[in-house]
Amino acid sequence: MRNINVLVKNLGNGIKNIKINDPKTYNSLSFATLKSLLNTFKKLDKDSSTKVIILEGVGKGFSAGHNLKEVRSLKKRSKYLKLFNLCSKVMIQIVEGRKPVIAKVHGAAYAAGCQLVASCDLAYSTNDSMFATPGVNIGLFCSTPMVAVSRKVTRKKMMKMLLTGEPIKANYAKEIGLINDYYSKSKLNSEVLKVAKTIASKSNLTIKIGKQAFYKQLEMPLRKAYSYTSKMMTLNMMAMDAKEGISAFLEKRKPKWKNK
Amino acid sequence: MRNINVLVKNLGNGIKNIKINDPKTYNSLSFATLKSLLNTFKKLDKDSSTKVIILEGVGKGFSAGHNLKEVRSLKKRSKYLKLFNLCSKVMIQIVEGRKPVIAKVHGAAYAAGCQLVASCDLAYSTNDSMFATPGVNIGLFCSTPMVAVSRKVTRKKMMKMLLTGEPIKANYAKEIGLINDYYSKSKLNSEVLKVAKTIASKSNLTIKIGKQAFYKQLEMPLRKAYSYTSKMMTLNMMAMDAKEGISAFLEKRKPKWKNK
Amino acid sequence: MRNINVLVKNLGNGIKNIKINDPKTYNSLSFATLKSLLNTFKKLDKDSSTKVIILEGVGKGFSAGHNLKEVRSLKKRSKYLKLFNLCSKVMIQIVEGRKPVIAKVHGAAYAAGCQLVASCDLAYSTNDSMFATPGVNIGLFCSTPMVAVSRKVTRKKMMKMLLTGEPIKANYAKEIGLINDYYSKSKLNSEVLKVAKTIASKSNLTIKIGKQAFYKQLEMPLRKAYSYTSKMMTLNMMAMDAKEGISAFLEKRKPKWKNK
């Protein structure tokens, strides 16, 4: 299947770059774009040469969310449900996938675009980036976007965004936990690459076990979370990379990962 | 039924004002006041002309919490349980109701008064407002208030409040997510009205669907939350207001809501 | 049983001090140390003269986490599982125990050491303390530590720590909710004692009911949490200390707790 509106680039060191490429519609998340995103994330997740994924938008900004012209044309209940379910699948794939995904944001990340940022493991933006869940302005509450955003941001701050639809700036987005940090336009790329390279230098297997366990244990009560992660750590410990890593640490040398 | 200690005022534009009016007891949440609050919230929730509710206190401050003289006089286990259950019902009504509720705080919001602020969708206060869960000082841990506050505030900050009973100031309450913002006494009213008007300008139906879905999805694991909100967004999309809103957006005009 | 690597000291006023005492290994959490910690916490939890516990490390810092030399020597799957389960038991004991535990941190609190800080009810550190979940650097993801830390800190900030393994400073740890506050080396002890004394001046019974209810209700949906805490408050109200506390408050005198 050919990817529509999605570009994939190899940045070296196991870092892959996904670009949403539909600048005419401000990288709207149409059926076609969502399908391509889902396929791309699934493919990279299985690709052993991919260690980290950087997600960004082409053109003026990150993404304006759903394609409203397309949404208006759907008309049927079943088609809406199909669209929102497909969009949810993309978000769940990012969360449940084994490769860390870093959102690299410029311009606006609105509605489902904001949801995409919230769904990524890490997010960095330019100083002047804007984030919003503005559905309420067009009569369509950002109900699926809030699933992702409300799991990163405290409730009252999130409710303000949802009820007023008003955008927030990068510094406030950092303060409330929606993004990790923000930089000037000229520095954003190198800062994101620095983080990506750091993560890519770790054992692929270790990252995979840890990332997947992170979101799973968050949905468990404390005792169950400990019982589950104790098993995951044991599994991790029985693999070669932990043994090599601990030996390297004790012998004060660099580890050589088997699972690069 | 006549409302005791609760005043309701129409501020226009679909904005209703509820005032806790028992300044002699610092707006304590007695049986009578809690019953009146519950009835008032229930009534306004069914009232199609009400779009947003602003909740405040008459006199020196917002509310000091339970009426300790009354509490002391209850004596029987069954009466205590009745009181705490009634209080919980008021808080649950605010959370599960379909109309956004904004707390407008001055002076002190202590114990069940702090819980009331935490339970509202949004909260604003004066610069010098104080918040506390001081039950530990009188041997009665703020166990029901912490249900509301601990769902807005991170755990260690909340534990400090609960274990020491010490009050916090407005700027710190904003920092930890208990309130949205604070203003000087002279500006608080106009700022709260501005937010209320913004929310009141949206489709009533959209806000209702969204507000109720917000708290529900927060209690679900991720996959269930997405499946539930995808259904809610489809429901929202099939209603006239979303179609009108999207058309208005694409045609660059103001939407005319059916569900004002 | 003799305690290995754990010192207990009575600081007066019902305040007990637990010191992890294995400075040669940076207070690593070996089998022996974890067993001693578990026994010590269990013993103090049943001791009616203990009202608050302050936990700290001897020597250069708080704790570097698991003992990697020991970990390397374990080799068998069953032994790893035993180690991680024992470590989890210590953390769960702190959370589910009835006595508030305050971490007093200097130097580094890394991996399971960071988990220990996160598990305490309150935490204070020196200005130059460092916190990290650096397992990824040795190929062993901090999967059990993240259970504790991710319940105190928002997700993206936590993910950054886990995926990069990089340490954070005290001021940032405060900002994201991992610790309550930080002080200069010369002030830390007196500030922690001040908080401990404040908590120790409350009714033991009230604190016990409240602390245990706090973590339990956080794992319940809203309606269940209210129903549970209403029962706990009634139980609390039927005990002598609440009656005495309310009477003392109304009579403007100091309460005399039965359950000191």
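Residues numbered from 1 in each chain as written. Chains lettered and ligands numbered in written order. Predicted model: local features only at pLDDT ≥ 70, side-chain atom pairs only at ≥ 80, totals over all residues. Heavy atoms only, no water.

Some words on the overall build of chain A
The condition that has to hold: Labels follow the DSSP assignment, with helices taken as runs of H or I lasting at least four residues and strands as runs of E lasting at least two, numbered in each case from the N terminus. Radius of gyration here uses only the C-alpha atoms, and the compact-globule reference equals 2.2 Å multiplied by the residue count raised to the power 0.38. To sort residues, take the accessible area from a 1.4 Å probe on protein chains only and compare it with the maximum for the residue type: under 20% means buried, over 50% means exposed, and anything in between is partly exposed. Exposure was quantified through the Shrake-Rupley algorithm and a 1.4 Å probe, taking into account, for residues, occlusion by the shown protein chains and nothing else. Counting rule applied: Lys, Arg positive; Asp, Glu negative; His and chain ends not counted. For the purpose of locating charges, the reference atoms are NZ of Lys, CZ of Arg, CG of Asp and CD of Glu.
Across its full length, chain A holds 11 helices and nine strands. What you see for chain A is a C-alpha radius of gyration of 19 Å, in line with the 18 Å of a compact globule of 260 residues. On the principal axes, the C-alpha backbone points of chain A span a range of 60 × 40 × 40 Å. The buried share of chain A, taken over its 260 residues, is 61%. Accessible surface, chain A: about 10100 Å² in total, of which carbon and sulfur atoms supply 53%. Separation between the mean location of the 48 positive side-chain charges and that of the 16 negative ones in chain A comes to 5 Å.

Regarding empty space enclosed by the protein
Residue and element names in this part refer to chain B. Threshold: With a 1 Å grid laid over protein atoms only, a set of points is called a cavity when a 1.4 Å probe fits there but cannot get out and a pocket when it is open yet has protein on both sides within 12 Å along at least five of seven lines; lining residues have an atom within 4 Å of a point. Grid points are joined across faces, edges and corners, and a volume is the space filled by probe spheres set on the points. Put simply, Ala, Val, Leu, Ile, Met, Phe, Trp, Tyr, Cys and Pro go in the nonpolar bin, Asp, Glu, Lys and Arg in the charged bin, and everything else, Gly too, in the polar bin.
Within the structure shown, the criterion is met by two cavities of 30 Å³ or more. By volume, the largest cavity is sized at about 40 Å³. Lining the largest cavity are Phe41, Asp45, Ile53, Gln93, Ile94, Gly97, Lys99 and Val101. Every element with two or more residues in the lining of the largest cavity is listed here: helix H1 (31-46) and helix H3 (77-96). For the lining of the largest cavity, the per-class residue count stands at four nonpolar, two polar and two charged.

Thoughts on the interface of chain A and chain B
For clarity, the threshold we go by: Note on contacts: a residue pair qualifies if any of its non-hydrogen atoms lie within 4.5 Å across the two residues. By convention, the term buried area covers the 1.4 Å-probe accessible surface removed from two parts as they join, with the contributions of both added. Salt-bridge detection follows one rule: a side-chain nitrogen of Lys or Arg within 4 Å of a carboxyl oxygen of Asp or Glu.
Listed as interface residues are 44 residues of chain A and, on the opposing side, 53 residues of chain B. When the two sides are added together, the surface that chain A and chain B hide from each other amounts to roughly 4500 Å², 68% of it contributed by carbon and sulfur. Its largest share of buried area at the contact with chain B, chain A owes to Arg155, Lys156 and Leu163 of chain A, together 19% of the area lost on that side. Our enumeration of links across chain A and chain B arrives at two salt bridges. With its nearest N and O atoms 2.9 Å apart, the salt bridge here joins Glu96 of chain A to Arg223 of chain B.

Notes on the relation of the copies chain A and chain B
Short version of the rule: A least-squares superposition brings the copies together, and it is based on the C-alpha atoms of residues with pLDDT no lower than 70 in both.
For the pair chain A and chain B, the best superposition has an RMSD of 0.0 Å and corresponds to a rotation of 120° with a translation of 0.0 Å parallel to the axis. Classification of the inter-copy transformation places it as that of a three-fold axis.

Describing the sheet that holds strand S2 (residues 15-20) of chain B
Residue and element names in this part refer to chain B. For clarity, the cut-off: The rule for pairing is simple: two strands pair if DSSP sees at least two bridges between them. The angle between two axes is taken between their N-to-C directions and runs from 0 to 180 degrees, where each axis is a line fitted to C-alpha atoms and a helix contributes only its stretch in contact.
One open sheet holds the six strands; their spatial order is S1-S2-S3-S4-S6-S9, and the pairing between them is mixed. Strands at the two margins of the open sheet, each flanked by one partner only, are strand S1 (6-10) and strand S9 (181-183). Taking each pair of neighbouring strands and ignoring which way they run, the sheet shows an average axis angle of 20°. The pairing of S1 with S2 spans five bridges and is antiparallel. Counted as the bridge partner of Asn10 is Lys16 from S2.

Details of the layout of surface pockets
Each pocket or cavity is described by its volume, and for the largest pocket that value is around 1500 Å³. The wall of the largest pocket is formed by 43 residues, among which Arg155 and Leu218 of chain A, Arg155 of chain B together with Arg151 and Leu218 of chain C lie closest to the centre. Looking at the lining of the largest pocket, the elements with two or more residues in it are helix H10 (222-238) of chain A together with helix H3 (77-96), helix H4 (112-119), helix H5 (143-149) and helix H9 (204-218) of chain C. For the lining of the largest pocket, a count of residues per class yields 19 nonpolar, eight polar and 16 charged.

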